[in-house]
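So the chains spell out like this:
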Amino acid sequence: MSGNAKTAVNNTADQYAVIGNPIHHSKSPKIHGEFAAQSGEQLEYSAIQAPLDEFSATVKSFFDHGGKGLNITVPFKEQAWSLSAQLSDRAKLAGAVNTLYQNDKGEICGENTDGIGLVRDLTENHQVSLAGKRVLVLGAGGAVRGVLLPILEQNPASITIANRTVAKAEQLAELFAGRGTLNACGFSDLNDAFDIVINGTSASLQGDLPPLPEVIISKATVAYDMMYAPDKTIFNQWAETQQAVKTFDGLGMLVEQAAESFYIWRKQRVNTQPVLEMLRTFD
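As a starting point, this report considers the structure included with it. Keep in mind that this is a model prediction, so the values were computed, not measured.

**Details of unusual backbone geometry**
Negative phi values dominate among residues other than glycine, just as trans dominates among peptide bonds. Omega for the bond connecting Asn21 with Pro22 falls within 30 degrees of zero, at 5°, which places this linkage in the cis form. Relative to the helices and strands, Pro22 is located in the loop between strand 1 (14-20) and helix 2 (28-39). Geometrically, the link from Val74 to Pro75 is a cis peptide bond, its omega value of 5° lying close to zero. Inspection of the secondary structure assignment puts Pro75 in the loop between strand 3 (69-72) and helix 4 (77-83). At Gln127, a position not held by glycine, the phi torsion is positive, near 55°. Along the chain, the position of Gln127 falls in the loop between helix 6 (114-125) and strand 7 (134-138).

In structure tokens, the structure reads:
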């Protein structure tokens, strides 16, 4: 951690940060700064770029200098999982951690708030119920694994995991077996429309689209891209072309997962709407 970060931790305000590499693009400091102002909590939130081979040392230094909590972003979420002495049930199944804090014994505890963020964005911000719905999730990487349990807890009729490599989708379905109706297939095997289609691939970040059959979208389908962009993502553009009834991107998920982290740390529930509006306006 830099000398500036060490100095900051000695201030009277409690210290929080996000660790990633790269990290310059992170919206987390702005988001948590808004949460602090709204709630009146005395804290400072910074961004720390950890060297790729020094993540553990960076985390240790942060807490050793009095830091209170960390958010973790790419590429360190799996390392944060391994570093945690205690894991929540959500984090255990997710295989990744995006929120760290210390318990009374000084042990590092790991949580994953990504899935809660997605579910809260859909159900509260957009009034889209997952209960009883046929849900299609595209992709089988860490991002998808991290959100499956909170989606399953909403009691959808079924979840189909579709991926370019079918074996990876099958592994995920097996991991969450017994928690709901889960199916796995390749993109080309999809032959029906779904109530909700969630894009959990990173293809949108490169302006690419998975090889998706048009039949998965009907005029009643809600399309949700876990990625976000200043303009519509290419996945949401495609879904609109197929006449999806609604399309949403993942900016709300980002804000809602941050709000859950803030609650874990400060036991304060915040109003996410002004923060979302601010990000939409000035992004």
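Having put the structure on the table, let's press on.
**Focus on the pairing of strand 10 (residues 196-199)**
Of the two faces of strand 10, both are covered, the one formed by Ile196 and Ile198 as well as the one formed by Val197 and Asn199. Relative to strand 10, strand 7 runs parallel, the two sharing 4 bridges. By the bridge assignment, Val135 is partnered in strand 10 with Ile196.

**Topic: the nonpolar core**
The tendency in soluble globular proteins is for nonpolar side chains to be buried side by side. Counting residues in hydrophobic clusters, the biggest one holds 30 residues, and the most contacted among them are Leu118, Ile159, Ile161 and Ile198. Top contributing element to this core by residue count: helix 7 (residues 142-152), with 6 residues. When sequence neighbours within four positions are dropped, the list of residues in contact with Ile161 reads Val137, Gly139, Ala140, Leu148, Ala169, Leu172, Ala173, Leu182, Asn183, Ala184 and Cys185. Among the nonpolar cores identified, the runner-up in size contains 21 residues, and Tyr16, Val18, Phe35 and Ala259 belong to it.

**Quick notes on the packing of helix 2 against helix 11 (residues 273-282)**
Each pair of packed helices can be summarised by the angle the axes make with each other and by the distance between the axes. Their axes nearest at 10 Å, the elements helix 2 and helix 11 cross at an angle of 140°. By the angle class used here, helix 2 and helix 11 are oblique. By crossing handedness, the relation of helix 2 to helix 11 is classed as right-handed. Residues Lys30, Ile31, Glu34, Phe35 and Gln38 of helix 2 pack against Pro274, Val275, Met278 and Leu279 of helix 11. In terms of residue class, the contact of helix 2 with helix 11 is built from 6 nonpolar, 1 polar and 2 charged.

**Let's talk about the sheet that holds strand 7**
The strand order across the open sheet formed by 6 strands is 9-8-7-10-11-12, and the pairing between neighbours is parallel. A single partner strand is all that each edge strand has here, and the edge strands are strand 9 (182-185) and strand 12 (246-248). Within the sheet, the average angular offset between the axes of one strand and its neighbour, ignoring direction, is 15°. In the sheet, strand 8 (residues 158-162) pairs with strand 9 via 4 bridges, with the strands oriented parallel. By the bridge assignment for strand 9, Ile159 is matched with Leu182. Contacts from helix 7 reach strand 7, strand 8, strand 9 and strand 10 within the one sheet, and its direction differs from that of strand 8 by about 170°. Contacts from helix 9 (residues 234-241) reach strand 7, strand 10, strand 11 (222-225) and strand 12 within the one sheet, and its direction differs from that of strand 11 by about 170°.

Cut-offs and rules
Residues numbered from 1 in each chain as written. Predicted model: local features only at pLDDT ≥ 70, side-chain atom pairs only at ≥ 80, totals over all residues. Heavy atoms only, no water. Helix = DSSP H or I, 4+ residues; strand = E, 2+ residues; numbered from the N terminus. Buried < 20%, exposed > 50% of the residue type's maximum accessible area, 1.4 Å probe, protein only. Pairing = 2+ DSSP bridges. Core = buried A, V, L, I, M, F, W, Y, C linked by side-chain atoms within 4.5 Å. Contact = heavy atoms within 4.5 Å. Axes fitted to C-alpha atoms, helices over the stretch in contact; angles between N-to-C directions. Parallel < 35°, antiparallel > 145°, perpendicular 65-115°, else oblique. Left-handed = near helix turned anticlockwise from the far one by under 90°. Nonpolar A, V, L, I, M, F, W, Y, C, P; charged D, E, K, R; others polar.

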